[in-house]
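Survey of secondary and tertiary structure
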Amino acid sequence: DLKFNIFPCIADPALVHETERIKYENFFGKQQLEDACSDPVVVHFAGFKPWQDPSTIFADKWWELCRVTPFYEEILYKCILKNVIVTQRKRSKLNYCRCKALSKLTFGKKRAHYERKGAEIKKVLEIR
């Protein structure tokens, strides 16, 4: 039965191409597909992972089950840490672009300051 191996990308109309959904309907039947989407037993997160994208369909069910495991705090900590690192990297890239632009628009000591600052950020980000 499809409800024992439903893919979020098949259950979410925004993610699935209509021809792909029709293939599933033809193979499993429309009723079985609807039942699997409305009340899944096993969800196969092949593609979008609920710990990477909480807006993924069935992510709420995954987090409910995760919460009762002994690994919940560890998973949550890793998600928060990764988000902080990604956010810091994005902020650093934005600062690099800002320094690069300001080093072209300013003169004298200000230009030297932004060139130096941009070089420091570039080194940290390992931009070539």
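Everything here concerns the structure above.
All of these numbers come straight from a predicted model, not from anything done at the bench.

The rules behind these values
- Residues numbered from 1 in each chain as written.
- Predicted model: local features only at pLDDT ≥ 70, side-chain atom pairs only at ≥ 80, totals over all residues.
- Heavy atoms only, no water.
- Patch = residues over 30% accessible without salt bridge, like charges linked within 9 Å, V, L, I, M, F, W, Y side chains within 5 Å.
- Areas by Shrake-Rupley, 256 points an atom, 1.4 Å probe, with all protein chains shown as cover.
- Salt bridge = Lys/Arg side-chain N within 4 Å of Asp/Glu carboxyl O.
- Helix = DSSP H or I, 4+ residues; strand = E, 2+ residues; numbered from the N terminus.
- Buried < 20%, exposed > 50% of the residue type's maximum accessible area, 1.4 Å probe, protein only.
- Core = buried A, V, L, I, M, F, W, Y, C linked by side-chain atoms within 4.5 Å.
- Contact = heavy atoms within 4.5 Å.

1. Examining a nonpolar patch on the surface
- On the surface, a nonpolar cluster with roughly 270 Å² of combined accessible area is contributed by F4, V41 and V42.
- Looking at the secondary structure, you find V42 in the loop between α3 (30-38) and α4 (59-67).
- Judged by its relative accessible area of 39%, V42 is partly exposed.

2. Points about the environment of D12
- Along the chain, D12 turns up in the loop between α1 (8-11) and α2 (18-28).
- For the pair formed by D12 and A112, sequence separation is 100 residues and the distance between their alpha carbons is 52 Å.

3. Description of the nonpolar core
- Core analysis: the largest hydrophobic core is formed by twelve residues, namely L2, I6, F7, I10, A11, V16, Y24, L33, A36, C37, F45 and F58.
- When contributions to this core are tallied by element, the ones reaching two or more residues are α1 and α3.
- Element by element, the count of residues in this core is highest for α3, at three residues.
- Setting aside residues no more than four positions away along its own chain, I6 makes contact with A11, L33, A36, C37, P40, V42, V43, H44 and F58.
- Ranked by size, the runner-up nonpolar core spans five residues in total, among them Y96, C99, I121 and L125.

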